[in-house]
Amino acid sequence: MGFSASAAFAIIGVCMVICMDIFFGSVLPSLEDLERSYRELEERSVERANTEIEILSITKSSGNPYNLSIEVKNTGSINLDVKEFSVLINGSLQNFTYSSRYLYPERTVLINVTDLSYTGSNRVKIITGNGVSDYDTYNA
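To start, this report covers the structure provided alongside it. The structure presented is a predicted model; accordingly, all values stated were derived computationally and were not measured.

One open sheet holds the four strands; their spatial order is E1-E2-E8-E6, and the pairing between them is antiparallel. Edge positions in the sheet fall to strand E1 (53-60) and strand E6 (97-98), since each of these pairs with one other strand and no more. Sheet topology note: the E6/strand E8 (residues 108-116) ladder contains two bridges and is antiparallel. Considered in E8, the bridge of Thr97 is made with Asn112.

Bringing the packing of aromatic side chains into the picture now. Taken as a whole, this structure holds three aromatic pairs when the rule is applied. With 6.1 Å between their ring centres and 55° between their planes, Phe96 and Tyr98 make a pair best called tilted. Between Tyr102 and Tyr104, the ring centres sit 6.5 Å apart and the planes meet at 35°, which makes this aromatic pair tilted. On the accessibility criterion, Tyr102 (39% relative accessible area) is partly exposed.

Once that is clear, we can look at unusual backbone geometry. A cis geometry characterises the amide bond from Asn64 onward to Pro65, with omega recorded as 5°. Here Pro65 shows up in the loop between E1 and strand E2 (66-74). Of note in the backbone geometry, Asn90 takes a positive phi value of approximately 50° without being a glycine. Classification of Asn90 as partly exposed rests on a relative accessible area of 36%. For Asp115, which is not glycine, the phi dihedral falls at a positive 60°. Locating Asp115 in the fold gives a position in strand E8. Accessibility expressed as a relative area gives 60% for Asp115, which makes it exposed.

What the rule picks out here adds up to four salt bridges. In this structure, Arg39 engages Glu35 in a salt bridge whose closest nitrogen and oxygen atoms are separated by 3.4 Å. With Arg39 and Glu35 both in helix H1 (residues 2-49), this residue pair falls four residues apart, about one helical turn. The exposure class assigned to Arg39 is partly exposed, which follows from its relative accessible area of 41%. Classification of Glu35 by relative accessible area gives partly exposed; the value is 47%.

Conventions adopted
- Residues numbered from 1 in each chain as written.
- Predicted model: local features only at pLDDT ≥ 70, side-chain atom pairs only at ≥ 80, totals over all residues.
- Heavy atoms only, no water.
- Pairing = 2+ DSSP bridges.
- Helix = DSSP H or I, 4+ residues; strand = E, 2+ residues; numbered from the N terminus.
- Phe/Tyr/Trp six-rings, centres within 6.5 Å; stacked < 30°, edge-to-face > 60°.
- Buried < 20%, exposed > 50% of the residue type's maximum accessible area, 1.4 Å probe, protein only.
- Salt bridge = Lys/Arg side-chain N within 4 Å of Asp/Glu carboxyl O.

Okay, here's the thing in structure tokens:
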């Protein structure tokens, strides 16, 4: 009885150590990934809260098709990458060029959209890379 109890205890102990190793080997990396994800979510939330833009003016060229020049001001406190912007006109995504790659706080950038043929009252929406947007209208 003495040897079999000791052997059983040793087998159960080794099995528990192996199970703990497997458990912690798979759970700890997952917890680290979860923590990193929450940290990134917090950073994105702070960035979005500090982002704000304003469309100052929309200038339409003459002729048909016509071009638009949209002046956008960064009224937030985050530097914005204009390359990550999206420009929608009447809900359609447009290709655009810009006067400066980065839009610093309290600065403006000119966004140019070419070869447009919309008529009447049109809605322009500018969306930053982190989802903050502003819109305005113009008549063609």
